[in-house]
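So you can see what is in the structure, the chains are spelled out below.
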Amino acid sequence: MSDFLNKHYDLLVIGSGLFGATITHEAVKSGKSVLVLEKRDHIGGNIYTEKVEEIDVHKYGAHIFHTSNKEVWDYVTDLVPFNNFINSPVANYKGEMYNMPFNMNTFSKMFNISTPAQAKAVIDKERKEINGEPKNLEEQAISLVGRTIYTKLVKGYTEKQWGRDCKELPAFIIKRLPVRFTYDNNYFNDKYQGIPENGYTDLIEKLLEGSTVVTGVNFLSDKAKYFTLADKCVYTGPIDEFFAYSMGKLEYRSLKFETEILNEENHQGVAVVNYTEREIPYTRIIEHKHFNFGTQPKTVITREYPTDWEEGMEPYYPINNEKNQRLYEEYEKLAEKEGVIFGGRLASYKYYDMDDTIEAALKLAKEIL
């Protein structure tokens, strides 16, 4: 375990999530020796998958890879095989089931209509309820999709996500709500979509091949010691934690997960069901076997509960309001003086999709290697 302390490396990477693992892969390809230190007891960050009942369980919530960037798609599919999973979630509002994203299947059931012209007429009529500039998220959503869709499919889900009433949330959080006047349940518009056939941990293992990986090590507990182990350091953890929260804590929303093995073959018939009423405390149930078209005799489900982030919890979604953005910029100024390379979702205080993460890591790799 402590052997890694007696060697010197070209590059030290803090964090084995997708960003850190991609940087590592590029460094190893260019002939560099790389040490990866990971605080958790497993690799892969939030895309880590583990086998339960022979099912790849997405330990930290659903991760569906989608991109229109052919370079990124070729990059991951050259490493591991991907399936052709298409994300088609369903919303449950008080037992009524609606297709997501909002499309003609949703509208035909909700409004008892059958053509795009009829759906547009209903939505346009409802949108007129809001006059002038929307003052909060509720008004913004109604101005985009009308009150019926807002009430059934947006309001409760959003309030659970953010932990407050839609009237108290700023309008800019919902800049747009995708509305499709076609009978198409594919959630994403991207050209490429799928999930690694053997889980995301398989992808991370391939990215980390050729490096020295040590899990269960908190780099921040002794930065000075670990810095001496390499010529360069890439840090992918929370930027404010790196500086011991010296100027205050950046705010996040976090998630709690409740996972259960069920003695049934098929619990909900789809990978993701969103629960859009406020009274149900979780936002969604994930049935993991559907990500890989599983036929195992049992199934594994996970309920997802949004919550405020506190120190010690996993930060998921940055709250990018003005106050937090100003604080992040102060930390960014400190980071520029450190001689450390900061990158990834937490170090950049920015929500990244997986393809954006890889793209950003490849760009950084070209600059530093």
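Check the entry above for the structure.
By convention here, each chain's residues receive numbers from 1 onward along its written sequence. The model is predicted, so local features are restricted to residues of pLDDT at least 70 and side-chain atom pairs to those at 80 or more, both for listing and for counting; the totals for chains, interfaces and linings are taken over all residues. The basis for the side-chain values is all heavy atoms of the structure; hydrogens and waters are excluded.

### Quick word on unusual backbone geometry
The residue after Met100, namely Pro101, is reached through a cis peptide bond having omega -10°. Helix and strand definitions follow DSSP, with helices as H or I runs of at least four residues and strands as E runs of at least two, each counted in order from the N terminus. With respect to the helices and strands, the residue Pro101 is situated in the loop between strand E7 (96–99) and helix H3 (104–111). With a phi angle near 65°, Glu54 is a residue other than glycine that sits in the positive phi range. When you line up the elements, Glu54 lands in the loop between strand E3 (49–52) and strand E4 (55–58). One non-glycine residue, Lys94, lies in the positive phi region at around 50°. The residue Lys94 is located in the loop between strand E6 (90–93) and E7 in this model.

### Remarks on helix H10 (residues 322–336)
A helix is expected to span 1.5 Å for every residue after the first. With 15 residues, H10 extends 21 Å from end C-alpha to end C-alpha; this agrees with the ideal 21 Å at 1.5 Å per step. Exposure is judged per residue with a 1.4 Å probe applied to protein chains only, and the accessible area is read against the type maximum: over 50% gives exposed, under 20% gives buried, and values in between give partly exposed. For H10, the full list of buried residues reads Asn324, Leu327, Tyr328, Tyr331 and Ala335. The buried residues of H10 occupy an angular sector of 100° when the element is viewed end-on, so they sit on one face. Exposed and oriented more than 90 degrees from the buried face of H10 are Glu322, Arg326 and Glu336. Check the buried side of H10 and you find it contacts helix H9 (239–242) and strand E16 (341–342). Summarising the geometry, the arc corresponds to the directions from the helix axis toward the C-beta atoms. Any two residues having at least one pair of non-hydrogen atoms within 4.5 Å are treated as being in contact.

### Concerning the side chain of Thr299
Here Thr299 is to be found in strand E14 (residues 299–308). Any pair of nitrogen or oxygen atoms within 3.5 Å is treated as a polar contact; in protein, a donor-acceptor pairing is required on top of that, and neighbouring residues in sequence qualify only through side-chain atoms on both sides. A polar side-chain atom of Thr299 sits 2.6 Å from a polar atom in the side chain of Glu287. Leaving out residues up to four positions away in the same chain, Thr299 has contacts with Ile55, Glu260, Ile261, Leu262, Glu264, Glu265, His267, Glu287 and Lys289.

### Focus on the packing of aromatic side chains
Think of a pair of aromatic rings as described by two things: how far the centres are apart, and how the planes are tilted against each other in angle. Pairing of aromatic rings covers Phe, Tyr and the six-membered ring of Trp, with a centre-to-centre limit of 6.5 Å; geometry is then stacked below 30 degrees between planes, edge-to-face above 60, and tilted otherwise. Applying the stated criterion to the full structure yields 27 aromatic pairs. With a centroid separation of 6.1 Å and 15° between ring planes, the pair formed by Phe243 and Phe342 is classed as stacked. Of this pair, Phe243 sits in the loop between H9 and strand E11 (252–262) while Phe342 sits in strand E16, and the two are 99 residues apart along the sequence. Taken together, the ring pairs connect Phe219, Tyr226, Phe227, Tyr235, Phe242, Phe243, Tyr331 and Phe342 into an aromatic cluster. Note on geometry: a ring has a charge over it if NZ (lysine) or CZ (arginine) is within 6 Å of the ring centre and within 35 degrees of the ring normal. Over the aromatic face of Tyr245 sits the side chain of Lys249, whose NZ or CZ is 5.2 Å from the ring centroid.

### Some words on the sheet that holds strand E10 (residues 230–235)
Pairing between strands is defined by DSSP: at least two bridges between the two strands are required. A sheet is described by the order of its strands in space; here five strands give the open sequence E9-E2-E1-E10-E16, paired in parallel fashion. What marks the edges here is a single partner per strand, and that holds for strand E9 (212–215) and E16. The pairing of E10 with E16 spans two bridges and is parallel. Paired with Val234 across the bridge in E16 is Ile341. Contacts from helix H1 (residues 18–29) reach strand E1 (9–14), strand E2 (34–38) and E10, with the element oriented near 165° to E1. Axes here refer to lines fitted to C-alpha atoms; in helices the fit is confined to the stretch in contact. Angles between the N-to-C directions go from 0 to 180 degrees.

### A short note on the pairing of E3
Examined bridge by bridge, E3 and E4 share four bridges and lie antiparallel to one another. Pairing of Lys51 across the sheet is with Asp56, part of E4. Hairpin connection from E3 to E4: two residues lie between these consecutive antiparallel strands, with Glu53 at a positive phi of about 55°.

### Considerations on the pattern of salt bridges
Any carboxyl oxygen of Asp or Glu within 4 Å of a side-chain nitrogen of Lys or Arg constitutes a salt bridge here. For the structure on display, the rule yields 23 salt bridges. Here Glu50 and Lys59 are joined by a salt bridge, their closest N and O atoms 3.5 Å apart. Judged by its relative accessible area of 25%, Glu50 is partly exposed. Among the residues examined, Lys59 registers a relative accessible area of 35% and is labelled partly exposed. A salt bridge links Glu251 to Lys323; the nearest nitrogen and oxygen atoms lie 3.4 Å apart. Taken together, the residues Glu251 in the loop between H9 and E11 and Lys323 in helix H10 connect sequence positions 72 residues apart. Counted as one network, the salt bridges with shared partners bring together Lys155, Glu159 and Arg278.

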